[in-house]
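Chain residues, written in single-letter form:
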Amino acid sequence: MKISRIDHIGIAVENLEKTVPFYRDVLGLAFLGFEDVPDQKVRVAMFAVGEARIELLEPTSQDSPIAGFLQSRGQGIHHIAYSVPDADEAVKTLTEAGVDMIDAVPRPGAGGSRIAFIHPRASGRVLTEICQH
Ligand code: ZN
């Protein structure tokens, strides 16, 4: 498994419309657009920062994992995603190393990516995503 950069940082927010202006207009980040990710029951707003991105996540359903996160921890950093060339190979390597995975196989993420989450207990309580484009 080869990780060469941070792909994006996921931030859980209550309301995208209220939060986007700060990142787009105040920080001046390049706004890449909105996207629904039904698999995670979220609506995403994506921004570019050099090669990395900021991913704002708003729940679209009460049973979204982001809704649960907002209820228990409030708005804030939700996960860090690392870019990998091959998500299947990364999941296999991590699983063979005994790492607790939330996703045993990669699933669809924003922007046509393939993603898998590592369980926070394996990573110092930071939800960690691997992401292949
Ligand atoms: Zn993500």
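See the structure above.
Heads up: these notes are all about the structure in this document.

## A look at helix α1 (residues 16-26)
Line of reasoning, step 1. Along α1, the residues that are buried comprise L16, T19, V20 and Y23. Projected down its long axis, α1 carries its buried residues within an arc of 110 degrees, all on one side. In α1, the exposed positions angled more than 90 degrees off the buried face are occupied by K18 and V26.
Line of reasoning, step 2. Structurally, the start of α1 carries an N-cap: the backbone nitrogen of E17 is 2.9 Å from a side-chain oxygen of N15.
Line of reasoning, step 3. Count one or two residues on from α1 and you reach G28, which has phi positive near 75 degrees.

## A closer look at the side chain of D7
Line of reasoning, step 1. On the secondary structure map, D7 appears in strand β1 (residues 6-12).
Line of reasoning, step 2. Overall, D7 belongs to the buried group, its relative accessible area being 1%.
Line of reasoning, step 3. Polar contacts involving the side chain of D7 include one to the side chain of H8, which spans 2.7 Å.
Line of reasoning, step 4. Those residues in contact with D7 that lie beyond four places of it in its chain are E51, A52, R53, A81, Y82, S83, C131 and H133.

## Some remarks on empty space enclosed by the protein
Line of reasoning, step 1. Taken as a whole, this structure holds one cavity of 30 Å³ or more when the rule is applied.
Line of reasoning, step 2. The calculated volume of the largest cavity comes to roughly 90 Å³.
Line of reasoning, step 3. Lining of the largest cavity is provided by 16 residues; of these, Q40, E55, G109, A110 and E129 occupy positions nearest its centre.
Line of reasoning, step 4. Those elements that provide at least two residues to the lining of the largest cavity are β3 (42-49), β4 (52-59) and β8 (128-132).
Line of reasoning, step 5. Considering only residue class, the lining of the largest cavity consists of eight nonpolar, five polar and three charged.

## Some details on the sheet that holds β1
Line of reasoning, step 1. Reading across the sheet, the eight strands line up as β2-β3-β4-β1-β5-β8-β7-β6 and stay open at both edges, with mixed pairing between neighbours. A strand with exactly one partner marks an edge of an open sheet, and here the two such strands are β2 (30-37) and β6 (107-108).
Line of reasoning, step 2. In the sheet, β2 pairs with β3 via seven bridges, with the strands oriented antiparallel. Within β3, the residue paired with D36 across the bridge is R43.

About the thresholds
- Here, residues in each chain are numbered from 1, in the same order as that chain's written sequence.
- Since the coordinates come from a predicted model, pLDDT governs what is reported: local features require at least 70, and pairs of side-chain atoms require 80 or more to be given and counted, while whole-chain, interface and lining totals use all residues.
- The side-chain quantities take in all heavy atoms of the structure and omit both hydrogens and water.
- Residue exposure (1.4 Å probe, protein chains only): buried if accessible area is under 20% of the type maximum, exposed if over 50%, otherwise partly exposed.
- Put simply, DSSP marks the helices as runs of H or I at least four residues long and the strands as runs of E at least two long, and each gets a number from the N terminus on.
- What the arc covers is the set of directions going from the helix axis to the C-beta atoms.
- We call two N or O atoms a polar contact when they sit within 3.5 Å, provided that within protein one can donate a hydrogen and the other can accept it, with sequence-adjacent residues counted only if both atoms are side-chain atoms.
- Should any heavy atoms of two residues lie within 4.5 Å, those residues are considered in contact.
- Think of a 1 Å grid over the protein atoms and nothing else: a 1.4 Å probe that fits but is trapped marks a cavity, an open set flanked by protein within 12 Å on at least five of seven lines marks a pocket, and residues with an atom within 4 Å of a point count as lining.
- Grid points are joined across faces, edges and corners, and a volume is the space filled by probe spheres set on the points.
- By the convention adopted, Pro, Cys, Tyr, Trp, Phe, Met, Ile, Leu, Val and Ala count as nonpolar, Lys, Arg, Asp and Glu as charged, and the other residues, Gly among them, as polar.
- By definition, two strands form a pair when at least two bridges between them are found by DSSP.

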